[in-house]
Amino acid sequence: LICLEPLLRSSETFSDAYFKAVDDYEKIHGDDELIPALKSGMAHFRINVSAGEVLNHIAEITGIEDAFLFAGSIEISEETGSNVVEITSHTLGIITEKIRLRNELYLVLAGRRFEHLLVSIIPAAILVLLSAGAGSYMSPLYETSAGRVVMTAAGMTFGAGWYAGKKITSIEV
């Protein structure tokens, strides 16, 4: 869409703009996984299939939800005579915003994962340092029955916290 939108603004037909946009896309991204679907669309344009049908075909090949929505919008614009450039610009804006939000979510999740790691490691590190540096201070926790119960409960709480934190931060965006 980023390659297609400026070409549509230069008052070309949708199919001409599509052909040039695919060429531009291929120059920018090389031979990626989207190129076969786009070239399939080019073949459909060559046999005079409507833009909406071509875009639906591409959406079916790629399975991208936004591609189906864009194809539907183009089909409706062909029937009603709406401005394809405005539809393309609006769709591009929506998709760009979705990508920006997804990237922000990745950033927030990365921060939360790092916080989870720190919150999980720091208590264990403090326990190890105190045990190594001040053995007499920590000995009641290891030598008495009450100390062993407290340490076992603390270990179980630590394990449950680690598990819960991993589940919370394993969100897929």
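Here's a quick rundown of the structure. Positions within a chain are numbered from 1, following the residues in the order the chain's sequence is written. Local features in a predicted model are, by the rule used here, given only for residues with pLDDT of at least 70; side-chain atom pairs are given and counted only at 80 or more, and totals for whole chains, interfaces and linings are based on all residues. By convention in this description, side-chain values take in all heavy atoms of the structure and omit both hydrogens and water.

Describing the layout of surface pockets
We count it as follows: Cavities and pockets are found on a 1 Å grid laid over the protein atoms alone: a cavity is a set of points where a 1.4 Å probe fits but cannot escape, a pocket is an open set with protein on both sides within 12 Å along at least five of seven lines, and a lining residue has an atom within 4 Å of such a point. Grid points are joined across faces, edges and corners, and a volume is the space filled by probe spheres set on the points. A run of DSSP states H or I qualifies as a helix once it reaches four residues; a run of E qualifies as a strand once it reaches two. Both are numbered from the N-terminal end. Residues were grouped as follows: Ala, Val, Leu, Ile, Met, Phe, Trp, Tyr, Cys and Pro as nonpolar; Asp, Glu, Lys and Arg as charged; and all remaining residues, including Gly, as polar.
One number sums up the size of the largest pocket: a volume of about 910 Å³. Contributing to the lining of the largest pocket are 29 residues, with Leu1, Ile2, Tyr25, Leu34 and Ile95 lying nearest its centre. Counting residues per element, the ones that place at least two in the lining of the largest pocket are helix H2 (14-29), helix H4 (51-62), helix H5 (65-80) and helix H6 (84-133). Along the lines of polarity and charge, the residues of the lining of the largest pocket split into 21 nonpolar, three polar and five charged. Considered as a void within the structure, the second largest pocket measures approximately 170 Å³ in volume. Of all elements in the fold, only H6 and helix H8 (145-169) reach the threshold of two or more residues within the lining of the second largest pocket. Sort the elements by how many residues they give to the lining of the second largest pocket and H8 lands first, with four residues.

Some words on the packing of H6 against H8
To keep it simple, the criterion reads: Every angle, taken between N-to-C directions, lies between 0 and 180 degrees, and every axis is a line fitted to C-alpha atoms, over only the stretch in contact when it is a helix. Relative orientations are named as follows: roughly parallel for angles under 35 degrees, roughly antiparallel for angles over 145 degrees, roughly perpendicular for angles from 65 to 115 degrees, and oblique for any other angle. Note: crossing handedness is left-handed where the near helix turns anticlockwise from the far helix by less than a right angle, and right-handed where it turns clockwise. Working rule for contacts: check all heavy atoms of both residues, and any pair within 4.5 Å makes them a contact.
Between H6 and H8, whose axes approach to 9 Å, the crossing angle comes to 165°. The orientation of H6 relative to H8 falls into the category roughly antiparallel. Crossing angle aside, the handedness with which H6 passes H8 is left-handed. Contact residues: Arg112, Arg113, His116, Leu117, Ser120, Ala124 and Leu127 in H6; Met151, Phe158, Gly161, Trp162, Gly165, Lys166 and Thr169 in H8. When grouped by side-chain class, the residues that make up the contact of H6 with H8 number six nonpolar, five polar and three charged.

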